[in-house]
Amino acid sequence: MALRKGPLRSVQLTTDRLQGQVDVLLKEVKQPDKREKMYERCVQLKKSVDETLVTLRKLKKTNELSLISNYDQRKLAEERRLTGMSELVGELVRRLDKERAKHKVDNADKRTKSQTTGVIQGRKGSDKDDEEEDDEDEESEEDDEDEGEEFDTQVTMQLFITISDYVAQEESDLAFKKGEILRILDQRFDGWWLGENAQGKKGLVPKTYLQVLKQQNKGSINVVDASKPESSVAGDEDDDDEDDEDDENDYESESDDDDDEEYDPHSVKEVSEARSERTQLHRIAVKKVVSEISATEVLKTTGNIPEGFRASTLAQLLEDGTEFHMSSYLQPKLTQSKLSFEDIQWDKAHGGLHPRKSFISLKFTLWSARMIPLPGSAVQVLSRQIRFCLFDGQRVLSNIHTVRATWHVKNPKSWTFSPRVTGILPSMLDGDCFVRSNSQSPRIGILFELGITYFRSSTGHQGELSCGWAFLELFTANGDAVPHRTYEMVLNGGTPYEKGLEVDPTVSKRATLFGQLMATRKQPKLLIKLKSPTKKMRNILNLLPETLVGPSCCTHLLAFYRQLLADALLKDRVNVQKADLIGNPVLATFPEVLEQTDILDALRSAWSEKEVTLSRPEKRDAAFLKSLFIQVYHDSAYPLLRSTTLPTNRWADDEIESSRWKAIADFLQESQKRDGSLYSLLSPEHAYQVFDVSEISYDFLGLGRSTVVAD
């Protein structure tokens, strides 16, 4: 039931608007060139979020224009959203403030270096410096006071504690163990600081491995959280006390708002645990973004990666949640009122899902990528891949799909796609893809981001770097569609929001005047072939959502899922106004299959073998094909999802991928021999996870996507 326009509804709309601003902020904070200008925006946004939270807590159930049965639950849900946003933006404010303070200290480093030494010596007991300071001219007193504040900051920041082990990679580096206390002698601009350990050894240390120490009293040392700004070190204790008081006040305000309910200590404990877990998740998300950027900067300063490499933008979007996953875009799209479906309609003439044509319906084939620079020897490459999505220069307009690249040891700079393999080609390696969208943006195109998954044995850090990106606009300046042909696109360095950067600037810098032509040939490039789908493929694509990208080899499986959705939501429901859970294992678990491509390939293989045995009349019977698809799904994908013999899927881990492939192949072979999966499901030789009702319960209201309406 949709809320009428009332105080709570107004707060909900404000929260939605603030959530959109937070999402935009999180995307822009990943761009190094914009972080310096975002501090004031973050402060203002946090102020707006906190004001909205105060307004929400003052609301009463009696102030509503109409009776709301679940008022307390809705209010608590909005309070959790606002609290989470406040904590997330507050964490960003602290991070950005820390960068600003560090930048300010670095700029004044050369000017104040010699004077800082004098201040340090003066604090050890020398009174001679104090007398000299008193004799300075009166006109420079204000400047001296400002510089003194910077000196105090540097003195406080001199002692650091190491947060991880570091093995020296060069003779000038200083190795250390976790928990050692280092004195920083020089904070260099490249991120490698000059440090000295307790034994008097000096060397360069990476700043990302350090955490500030704070001196409370004489002989007492306390560790300062690195997420807090360096300029507020002196007041950390007060901040912690204020945070505790705020938490207590939060609980008091919750109890005041619910005067008509009895006090339940268990519910208060659950709210406290949920809030603590949510806070931790938000801080982990922010620290992950900052750590990826810091790790990339360290790799660049040590010369292990080219200048144009960055932390992968699309990979971070995929890790932030399920918003840009195919499983999310495949769900039914609800109207703004959530009383009907926008992209699923019933075709009365043919008795099935009504096909929907889209403004953009294309296919393309990834051919190869050439002259991709290699990282240094300190970086181990675990995987090479390309991620693509629809993009308009500012926003990602579709889900993000990933295709794994293959390469030869003798020529690692050349990537290829769609290798020739025996049997069915895994969808993860298939470079034949489709693009579908109804967007009317004149700048819409396909964004390609080439990336590597890397591992540093010296630090144990694993991440993903962007090796360059390319953008293929689908329409010309006149509004005409671009021709269907092969395109050779030069890769750009940086992120998709940075323009005019090269992946490896050293290639053009080393070239002479007469060698510019050769330098152009050495630039990294991506080759793709754009083409129009066949009539059969177009009919299948019209059964899919209006906006979707993915592999062409799985379109028929996605179409079956959408047809089963139409049957369950539009035909089989007795009352279309009810939003009860639907008992259907295929609808409930198919989104999980999309997240595990090897199980999706197992379903595709099982369906291919079954389809060969069908007669021509059976292939034309839509109802028969849907029932057969359900049977094949129950005999292949559904048991594999709950099997305990399959190790947990892990990206870019060859051993786990090989063991999963072997286990899946053995299961399919046994299922085919036993004419179904019933034997393995009942056999004591096979172990499965404990049954959960969510395996067969499809919640279309919780999974459905809402229509976004511009403010």
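Think of each chain on its own: its residues are numbered from 1, step by step along the sequence as written. Per-residue local features are limited, in this predicted model, to residues with pLDDT of at least 70; the limit for side-chain atom pairs, both in listing and counting, is 80 or more; totals at the level of whole chains, interfaces and linings are taken over all residues. Side-chain descriptors were evaluated using all non-hydrogen atoms of the structure, hydrogens and water having been removed beforehand.

Novice: Looking at this structure, I do not really get the overall build of the chain. What am I missing?
Specialist: A count of helices and strands for the chain gives 22 helices and 24 strands. Per-residue burial for the chain yields a buried fraction of 47% across its 711 residues. Contacts are assigned to residue pairs that have any heavy atoms within 4.5 Å of one another. Here the analysis covers contacts within the chain between residues at least 6 apart in sequence; of these, 71% occur between residues at least 24 apart. Only carbon and sulfur atoms are counted for the fraction: they give 50% of the accessible area of the chain, which is about 38,000 Å². We count a stretch as a helix when DSSP gives it H or I for four or more residues in a row; a strand needs E for two or more, and each element gets its number in order from the N terminus. Between buried and exposed lies partly exposed: a residue is buried under 20% and exposed over 50% of the maximum accessible area for its type, with that area taken using a 1.4 Å probe on protein chains only. Residue burial considers only the protein chains on display, and all accessible areas are found by Shrake-Rupley using a 1.4 Å probe.

Novice: Hey, could you run me through a nonpolar patch on the surface in this one?
Specialist: Where nonpolar side chains cluster on the molecular surface, the patch consists of Leu678, Leu681 and Leu682 and spans about 320 Å² of accessible area. By the secondary structure assignment, Leu681 is in helix 21 (residues 678-682). By relative accessible area, which is 37% here, Leu681 ends up partly exposed. Patch construction takes residues with relative accessible area above 30% that form no salt bridge. Like charges are linked within 9 Å, and nonpolar side chains (Val, Leu, Ile, Met, Phe, Trp, Tyr) are linked within 5 Å. By convention in these notes, a salt bridge is any Lys or Arg side-chain nitrogen within 4 Å of a carboxyl oxygen on Asp or Glu.

Novice: Explain the pairing of strand 16 (residues 432-437) to me, please; I cannot follow it from the model alone.
Specialist: Each regular strand displays side chains that alternate between the two surfaces of the sheet. Counting buried positions along strand 16 yields six of six residues, so the element is predominantly enclosed. Burial along strand 16 is two-sided: the face carrying Asp432, Phe434 and Arg436 and the face carrying Cys433, Val435 and Ser437 are both buried. Where strand 11 (residues 360-370) meets strand 16, six bridges bridge the pair, whose relative direction is antiparallel. Counted as the bridge partner of Leu362 is Val435 from strand 16. Across four bridges, the pairing between strand 16 and strand 21 (residues 548-551) is antiparallel. Strands were regarded as paired on the criterion that DSSP finds at least two bridges between them.

Novice: How should I be thinking about the sheet that holds strand 13 (residues 401-404) in this particular structure?
Specialist: Hydrogen bonds between backbone atoms are what pair the strands of a sheet, whose relative direction is either parallel or antiparallel. The antiparallel open sheet is built from five strands, whose spatial order is 7-18-17-12-13. Only two strands of the sheet have a single partner each, and these edge strands are strand 7 (310-311) and strand 13. Of the strand pairs in this sheet, strand 12 (residues 380-391) and strand 17 (residues 445-456) are connected by 11 bridges, and their pairing is antiparallel. Paired with Arg387 across the strands is Glu449, a residue of strand 17.

Novice: Please explain helix 15 (residues 585-595) as it appears in this structure.
Specialist: Side chains of residues three or four places apart in an α-helix project in the same direction, reflecting 3.6 residues per turn. Across the 11 residues of helix 15, eight count as buried, placing the element largely inside the fold. All buried positions along helix 15 are accounted for by Val586, Leu587, Ala588, Thr589, Phe590, Pro591, Val593 and Leu594. Buried residues in helix 15 make contact with helix 10 (326-329), helix 14 (555-571), helix 16 (597-612), helix 18 (622-635), helix 19 (637-641) and strand 23 (697-698). Measuring from the side-chain oxygen of the N-cap residue of helix 15 to the backbone nitrogen of Val586 gives 3.1 Å; that N-cap residue is Asn584. The definition of a polar contact used here is a pair of N or O atoms within 3.5 Å, where within protein one atom must be able to donate a hydrogen and the other to accept one, and adjacent residues in sequence count solely through side-chain atom pairs.

Novice: Which parts of the structure should I look at to understand the packing of helix 16 against helix 20 (residues 654-673)?
Specialist: The packing of two helices is summarised by the inter-axis angle and the distance between the axes. For every element, the axis is a line fit to its C-alpha atoms; helices are fit only across the contacting stretch, and the angle between N-to-C directions ranges from 0 to 180 degrees. Where helix 16 contacts helix 20, the two axes come as close as 11 Å, and the packing angle between them is 30°. Classified by the angle between their axes, helix 16 and helix 20 sit roughly parallel to one another. Handedness of the helix 16/helix 20 crossing: right-handed. Together, Asp598, Ile599, Asp601, Ala602 and Glu609 of helix 16 and Arg660, Trp661, Ile664, Leu668 and Gln672 of helix 20 make up the contact between the two elements. Note on residue categories: nonpolar means Ala, Val, Leu, Ile, Met, Phe, Trp, Tyr, Cys or Pro, charged means Asp, Glu, Lys or Arg, and polar means any other residue, Gly included. Across the contact of helix 16 with helix 20, the residue classes break down as five nonpolar, one polar and four charged. Angular relationships are summarised with four words: roughly parallel below 35 degrees, roughly antiparallel beyond 145, roughly perpendicular across 65 to 115, and oblique for the angles in between. In this scheme the crossing of two helices becomes right-handed for a clockwise turn of the near helix relative to the far one and left-handed for an anticlockwise turn of less than a right angle.

Novice: Teacher, can you tell me more about the nonpolar core here?
Specialist: Considering soluble globular proteins, one finds that nonpolar side chains tend to be buried as a cluster. Throughout this description, the term nonpolar core refers to a set of buried Ala, Val, Leu, Ile, Met, Phe, Trp, Tyr and Cys residues connected via side-chain atoms within 4.5 Å. Judged by nonpolar contacts, the single largest core of 55 residues is most densely connected at Leu558, Phe590, Phe629, Tyr633 and Tyr698. Among the elements of the structure, helix 10, helix 13 (535-541), helix 14, helix 15, helix 16, helix 18, helix 19 and helix 20 are those that each provide at least two residues to this core. The dominant element in this core, judged by the number of residues it contributes, is helix 14, at 10 residues. Residue contacts for Phe629: discarding those within four places in its chain leaves Leu557, Phe560, Leu564, Val586, Phe590, Leu603 and Trp607. Membership of the second largest hydrophobic core comes to 41 residues, among which are Ile372, Leu397, Ile444 and Val482.

Novice: Explanation requested: the environment of Thr597 in the structure shown.
Specialist: Its place among the elements puts Thr597 in helix 16. For Thr597, a relative accessible area of 24% corresponds to the partly exposed category. The spatial distance from the C-alpha of Thr597 to the C-alpha of Met428 is 6.7 Å, given a sequence separation of 169 residues. Those residues within four positions of Thr597 in sequence are excluded, and the remaining contacts are Ser427 and Met428.

Novice: Before we go on, may I ask you to explain helix 18 in this structure?
Specialist: Expected helix span is taken as 1.5 Å per residue step, with the number of steps being one fewer than the number of residues. Look at helix 18: 20 Å from first C-alpha to last across 14 residues, which is about the 20 Å you get at 1.5 Å a residue. Along helix 18, the positions that sit buried rather than exposed are Leu625, Lys626, Leu628, Phe629, Val632 and Tyr633. Within helix 18, the buried residues cover an arc of 165° as seen down the axis, which keeps them to one side. As for helix 18, its buried residues are in contact with helix 14, helix 15, helix 16, helix 17 (616-620) and helix 19. Taking the backbone nitrogen of Ala623 as reference, a side-chain oxygen 3.3 Å away marks Asp621 as the first, capping residue of helix 18. Regarding the arc, it is the one traced by the directions from the helix axis to the C-beta atoms.

Novice: I would appreciate a short explanation of the confidence of the model for the chain in the present structure.
Specialist: When pLDDT drops low, the exact placement of atoms in the prediction is not to be read closely. With 76% of its residues at a pLDDT of 70 or more, the chain has an overall mean of 79. Along the chain, pLDDT gives the predictor's confidence residue by residue, from 0 to 100. Residue range residues 215-284 is modelled with pLDDT below 50. Its contacts to residues more than four positions away, or to other chains, number 78 contacts.

Novice: Help me out: how do you make sense of the packing of aromatic side chains in this one?
Specialist: By convention here, two paired aromatic rings are described through the distance between centres and the angle between planes. By convention, a stacked pair of Phe, Tyr or Trp rings (six-membered ring in the case of Trp) has centres within 6.5 Å and planes under 30 degrees apart, an edge-to-face pair has planes over 60 apart, and any other such pair is tilted. Evaluated as defined, the whole model comprises 17 aromatic pairs. Plain terms: the ring middles of Phe160 and Trp193 are 5.6 Å apart, the flat faces sit at 70° to each other, and that makes the pair edge-to-face. Taken together, the residues span a long stretch of sequence, with Phe160 in strand 1 (residues 159-162) and Trp193 in strand 3 (residues 192-196) at a distance of 33 residues. Both residues of the pair, Phe160 and Trp193, count as buried. For the ring pair Phe560 and Phe629, a centre distance of 4.8 Å and an interplane angle of 20° mean the geometry is stacked. Here the residue Phe560 occupies a position in helix 14, and Phe629 occupies one in helix 18, the gap between them amounting to 69 residues.

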